[in-house]
Amino acid sequence: MTELSWKPHPGPQAGSGRPRLGQVLITRDQIAGRVTALAGEIVACYDHRDRESFELVIVAIMTGSLIFLADLVRALPLPVRMAIMMVSNYPGATTKAQGVRINYDLQEDVAGKDVLVVDDILDSGQTLSVVVDLLRRREARSVRTCVLLDKILPTPKRICPDFVGFPIPDRFVVGYGLDYDNRFRNYPQIAVLEV
Ligand code: 5GP
Ligand code: MG
């Protein structure tokens with residue numbers, strides 16, 4: 001398949017100083033291979049084949065996990081229900097955390113259910129720990145977490161995810177669902193944002 005070339009975002013500051021795609025850290029093929037392998041790890045962990053009633057509730061943290069979620073669930077040969085939460089920590093045109101806000105809450109009852117929280121990237125762990133605490137308070141039977149990316153930081157994190165796609169250096173990245181000011185989500189690989 002021939003790849004079309006990527007067009008930069010236009011913008012009021014077009015021409016100088018606008019954020020743009022930098023070094024590619026993870027290619028499309030690397031993502032595809034790892035997502036399949038991750039699905040295998042997840043299935044092995046929920047080896048509930050003997051339990052007729054087993055269903056996995058996937059709670060996706062929107063919007064960053066959207067593309068990862070779509071690929072991951074299609075690689076998971078398990079009965080799943082899908083639910084979303086909208087949580088923001090880096091709203092708008094910023095590359096600095098602003099504090100976790102739940103903008104849209106789950107519409108699914110998780111009491112007594114096995115829940116897998118899916119997010120795009122783990123940085124400090126604030127976002128996932130807020131969501132996991134909430135799901136535990138709502139009496140989910142089990143709560144596990146899966147992130148595509150885990151930033152390597154010198155400081156301890158608030159949470160240790162159960163499933164990780166790739167560890168990455170501490171850079172602000174975009175693509176494959178991850179955004180800067182709601183842009184670059186459809187870029188198919190993970191790239192550093194140059195500001
Ligand atoms: P944490 O709460 O773990 O510090 O940050 C996780 C959330 O912040 C992610 O769900 C994601 O929305 C956002 N985030 C953290 N690092 C990055 C990054 O490098 N790029 C983008 N686009 N979002 C990030
Ligand atoms: Mg997020």
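This text gives an overview of the structure that appears in the document. Remember, it's a predicted structure, so these values are computed and weren't measured experimentally.

1. Here we look at the sheet that holds strand β2 (residues 56-62)
- If you walk across this open sheet you meet the 6 strands as β4-β3-β2-β5-β6-β7, and the pairing is mixed. Two strands close off the open sheet at either side, each with one partner strand: β4 (101-104) and β7 (163-168). When the angles between neighbouring strand axes are averaged without regard to direction, this sheet yields 30°.
- Running over the sheet, helix α1 (residues 28-45) touches β5 (114-122), β6 (142-151) and β7 and is turned about 145° from β7.
- Sheet contacts for helix α2 (residues 66-74): β2, β3 (80-88), β5 and β6; angle to β2, the most-contacted strand, approximately 160°.

2. With respect to helix α3 (residues 126-137)
- The first and last C-alpha atoms of α3 sit 17 Å apart over 12 residues, in line with the 16 Å expected at 1.5 Å per residue.
- Along α3, the residues classified as buried are Thr127, Leu128, Ser129, Val131, Val132, Leu134 and Leu135.
- Just past α3, the residue Glu139 takes up positive phi, approximately 65°.

3. Thoughts on the nonpolar core
- Core analysis: the largest hydrophobic core is formed by 32 residues, its most contacted members being Phe68, Leu72, Leu116, Cys146, Leu149 and Ile190.
- With 5 residues, α1 is the single largest residue contributor to this core.
- Residues in contact with Leu72, not counting those within four places in the same chain, are Val35, Leu38, Ala39, Ile42, Val118 and Cys146.
- Core analysis: the next-biggest nonpolar cluster, separate from the first, contains 20 residues, Leu128, Leu135, Val143 and Ile159 among them.

Definitions and cut-offs
- Residues numbered from 1 in each chain as written.
- Chains lettered and ligands numbered in written order.
- Predicted model: local features only at pLDDT ≥ 70, side-chain atom pairs only at ≥ 80, totals over all residues.
- Heavy atoms only, no water.
- Pairing = 2+ DSSP bridges.
- Helix = DSSP H or I, 4+ residues; strand = E, 2+ residues; numbered from the N terminus.
- Axes fitted to C-alpha atoms, helices over the stretch in contact; angles between N-to-C directions.
- Contact = heavy atoms within 4.5 Å.
- Expected span 1.5 Å × (residues − 1).
- Buried < 20%, exposed > 50% of the residue type's maximum accessible area, 1.4 Å probe, protein only.
- Core = buried A, V, L, I, M, F, W, Y, C linked by side-chain atoms within 4.5 Å.

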